[in-house]
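What follows is each chain in one-letter form.
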Amino acid sequence: MSTGAHSNVWTFVTSEGSEQFHVSGGFLANDVSAVRLAARSGYGIALLPLFEVLDDLRSGMLVCVLSEFPAPSIPLSLVYPSRRHLAPRTRVIFEFILEEVRQVQAMLATVTDKARTA
C-alpha cells in the first residue's frame, strides 16, 4: 500500500544507492491516513513516512519491515523570521517540532541498529 500517482513504485536506499521496486496489491489510495488505517487493520504492508507512523510503531500497532532498506530521506524546512525575536507561541511550536524530529531520528537509529544486528 502506498499513496500518490506512482504508488506502485517504491524507492529504497541500498548499498548500491537508490533502487526502485514495482509493487502490486489490492489497495491503492491517495490519502496517507487511509493507507495507514489499512495497514493497521492488517490489510498489508505500506510505505509511509516514519513521522506518520511513529506512535503506531511505539505502541506495537505496526511493525517495521524491510528496515535494512530505508526509504530516501525527505527534506524538512522550518522557516521563521528570526530566532532572536520569536513570539512565545512560535517558540513553543519550534521546540515541539525539534523534539519530534529528534524522536524520529532516534527511532531511525534504533531501527537501523536492529537491522544491522539481525
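We now turn to the structure provided with this report. (Residues numbered from 1 in each chain as written. Predicted model: local features only at pLDDT ≥ 70, side-chain atom pairs only at ≥ 80, totals over all residues. Heavy atoms only, no water.)

## Topic: the packing of helix α1 (residues 32–40) against helix α2 (residues 50–59)
Running from N to C, α1 and α2 point in directions that differ by 25 degrees, and their axes come no closer than 11 Å. The orientation of α1 relative to α2 falls into the category roughly parallel. Every pair of crossing elements has a handedness; the one defined by α1 and α2 is right-handed. Residues V32, R36 and R40 of α1 form the contact with α2, whose own contacting residues are E52, V53 and D56. Residue classes in the contact of α1 with α2 are distributed as 2 nonpolar, no polar and 4 charged. (Axes fitted to C-alpha atoms, helices over the stretch in contact; angles between N-to-C directions. Helix = DSSP H or I, 4+ residues; strand = E, 2+ residues; numbered from the N terminus. Parallel < 35°, antiparallel > 145°, perpendicular 65-115°, else oblique. Left-handed = near helix turned anticlockwise from the far one by under 90°. Contact = heavy atoms within 4.5 Å. Nonpolar A, V, L, I, M, F, W, Y, C, P; charged D, E, K, R; others polar.)

## Some remarks on the side chain of D56
With respect to the helices, strands and loops of the structure, D56 is situated in helix α2. Among the polar contacts listed, one links the side chain of D56 to the side chain of R40, at a separation of 3.4 Å. Setting aside anything within four residues of it in sequence, one finds D56 in contact with R36, R40, M61 and L62. (Polar contact = N/O pair within 3.5 Å; in protein donor to acceptor, adjacent residues only side chain to side chain.)

## Looking at the pairing of strand β1 (residues 9–14)
Alternating residues of β1 divide into W10, F12 and T14, all buried, and V9, T11 and V13, none buried. The pairing of β1 with strand β2 (residues 17–22) spans 6 bridges and is antiparallel. For T14, the partnering residue across the bridge sits in β2 and is G17. Once β1 ends, the chain turns through 2 residues before running back antiparallel as β2. (Buried < 20%, exposed > 50% of the residue type's maximum accessible area, 1.4 Å probe, protein only. Pairing = 2+ DSSP bridges.)

## Some points on the packing of aromatic side chains
Using the criterion set out here, one finds 3 aromatic pairs in the structure. Between W10 and F12, the aromatic rings sit 6.3 Å apart at their centres with planes inclined by 70 degrees, giving edge-to-face as the arrangement. Both residues of the pair, W10 and F12, count as buried. Measuring from ring centre to ring centre gives 5.9 Å for F12 and F21, while their planes differ by 55 degrees; the resulting arrangement is tilted. An aromatic cluster of three or more residues is present, and its members are W10, F12 and F21. (Phe/Tyr/Trp six-rings, centres within 6.5 Å; stacked < 30°, edge-to-face > 60°.)

## Focus on a nonpolar patch on the surface
Taken together, I45, V63, V65, L66 and F69 make up a surface patch of nonpolar side chains, about 450 Å² in accessible area. Given a relative accessible area of 66%, V63 falls into the exposed group. (Patch = residues over 30% accessible without salt bridge, like charges linked within 9 Å, V, L, I, M, F, W, Y side chains within 5 Å. Areas by Shrake-Rupley, 256 points an atom, 1.4 Å probe, with all protein chains shown as cover. Salt bridge = Lys/Arg side-chain N within 4 Å of Asp/Glu carboxyl O.)

## As for the pattern of salt bridges
Pairing between side chains of opposite charge can happen when the charged atoms of each approach one another. A complete count under the given rule lists 4 salt bridges for this structure. A salt bridge links D56 to R36; the nearest nitrogen and oxygen atoms lie 2.5 Å apart. Of the two residues, D56 sits in helix α2 while R36 sits in helix α1, which places them 20 residues apart along the sequence. According to the relative accessible area criterion, D56 is buried, its value standing at 4%. One salt bridge in this structure joins E99 and R102, with 3.8 Å as the shortest N-O distance.

## Concerning α2
In an α-helix, one turn spans 3.6 residues, which is why side chains three or four residues apart end up on the same side. Listing the buried residues of α2 in full gives L50, V53, L54, D56 and L57. A positive phi of about 90 degrees marks G60, the residue just after α2.

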